[in-house]
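Here is how the chains run, residue by residue.
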Amino acid sequence: MYSDIVGFTSLSSESQPMEIVSMLNAMFTGFDSIITQHKGYKVETIGDAYMVASGVPEKMKNNHVKEIASIALKMREFLFDYQIPHRPGQHLHCRWGFNTGPVFTGVVGISAPKYCVFGGTVTLASKMEQSGHPDKIQLTLKSYQLLSDRFPQFKCSPRGGVRLNDIGTLLTYWLEGCEDLLRSDRSLPQSDPDETASI
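Looking up the protein chain in an unreviewed UniProt entry gives the name guanylate cyclase, with the organism given as Acrobeloides nanus. Under the heading Catalytic activity (unreviewed entry), UniProt records this for the protein chain: "GTP = 3',5'-cyclic GMP + diphosphate". According to the UniProt record, the Subcellular location (unreviewed entry) comment for the protein chain reads "Membrane".

Next comes the structure, spelled out in structure tokens:
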């Protein structure tokens, strides 16, 4: 699952460097707390982009799609209450996107080794975020089918066909909410190539 702040470039150009650092630190600290509650794995952060996986490195059968959906919903809820520290009264808006499927994982590098996740599943998850809308969580057909079949408490609505560069037109959905989801408290082995996860 990828998240990205809408309008981050403009906000950065109008803010002091340490204001941006403080803002991202507070935001990502909240996100980190949420993924810990749902056994997610933070793969990386690049600037304002945040990437999290579920189902790797810890396998959890099909529960990974439930956990990644819960993480996305709680992140969105967190931002509804979070105010930009140096702009009281103003809120951040993000796009979220996730996908489910097989991935390759492993530790890469020597001087700064890093657990990485690769494959078409990851690429499509990124495109779900990039083609999304502010404050919306977009998911692929595969994630939607698994979520609706096994965890019907999650409510989705069809977005329709979305044109994606280098892929074509895909049917996608919006994740709207979950009947059972409680409000957030605010408070490295290699996998098999055919391991399934939600990204």
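Asks: Would you take a moment to explain the environment of Lys 39 for this structure?
Replies: Summarising the element assignment, Lys 39 is placed in the loop between helix 2 (17–37) and strand 2 (41–46). On the basis of relative accessible area, Lys 39 is assigned to the exposed category, the value being 53%. Separated by 28 residues in sequence, Lys 39 and Glu 67 place their C-alpha atoms 7.3 Å apart. Not counting chain neighbours up to four residues away, the residues in contact with Lys 39 comprise Ser 54, Glu 58 and Met 60.

Asks: Where do I start with the UniProt feature "domain: Guanylate cyclase" (unreviewed entry) in the protein chain in this structure?
Replies: Taking the numbering used here, the UniProt-annotated feature "domain: Guanylate cyclase" (unreviewed entry) corresponds to residues 1–129. Secondary structure across residues 1–129 comprises 43% helix and 26% strand; the distance between its end C-alpha atoms is 8 Å.

Asks: Which parts of the structure should I look at to understand the pairing of strand 3 (residues 49–53)?
Replies: Regular strands place side chains that alternate from one sheet face to the opposite one. Most of strand 3 is tucked away: 4 of the 5 residues are buried. Pairing analysis gives 2 bridges linking strand 1 (residues 2–5) to strand 3, with the strands arranged antiparallel. Each bridged residue has a counterpart across the sheet, and for Ser 3 the counterpart in strand 3 is Tyr 50. Here strand 2 runs beside strand 3; their pairing, made up of 5 bridges, is antiparallel. Looking at the pairing, Lys 42 lines up with Val 52 of strand 3. The turn linking strand 2 back onto strand 3 is made up of 2 residues, and Gly 47 within it adopts a positive phi angle of 60°.

Asks: Which parts of the structure should I look at to understand the side chain of Thr 105?
Replies: Along the chain, the position of Thr 105 falls in strand 6 (residues 104–108). A relative accessible area of 10% places Thr 105 in the buried class. At 3.2 Å, the side chain of Thr 105 and the side chain of Tyr 115 are in polar contact.

Asks: In this structure, what is going on with the confidence of the model for the protein chain? I would like to understand it.
Replies: Any residue range with low pLDDT should be treated as having predicted coordinates unsuitable for detailed reading. Taken over all residues, the pLDDT of the protein chain has a mean of 91, while the share at 70 or more is 92%. pLDDT under 50 marks residues 183–194. Its contacts with residues more than four places away, or in other chains, come to 31 contacts.

The rules behind each value
- Residue positions within a chain follow its written sequence, with the count starting from 1.
- Whole-chain, interface and lining totals are the exception, using all residues; otherwise, since this is a predicted model, local features are given only for residues with pLDDT of at least 70 and side-chain atom pairs are given and counted only at 80 or more.
- With hydrogens and water excluded, all non-hydrogen atoms of the structure serve as input to the side-chain values.
- UniProt positions are given in the numbering used here, feature names are shortened, and annotations may be inferred rather than shown by experiment.
- For the purposes of this entry, the term helix denotes a DSSP run of H or I that reaches at least four residues, the term strand denotes a run of E that reaches at least two, and both are numbered from the N terminus.
- Only protein chains enter the area calculation, which uses a 1.4 Å probe; residues under 20% of their type maximum are buried, those over 50% are exposed, and those in between are partly exposed.
- Any two residues whose heavy atoms approach within 4.5 Å at even a single point are treated as in contact.
- Strand pairing is defined by DSSP finding a minimum of two bridges between the two strands.
- Throughout this description, a polar contact denotes any pair of N or O atoms lying within 3.5 Å of each other; where both atoms belong to protein, one of them has to be capable of donating a hydrogen while the other can accept it, and for residues adjacent in sequence the pair is counted only when both atoms sit in side chains.
- Values of pLDDT, which run from 0 to 100, indicate the predictor's confidence residue by residue.

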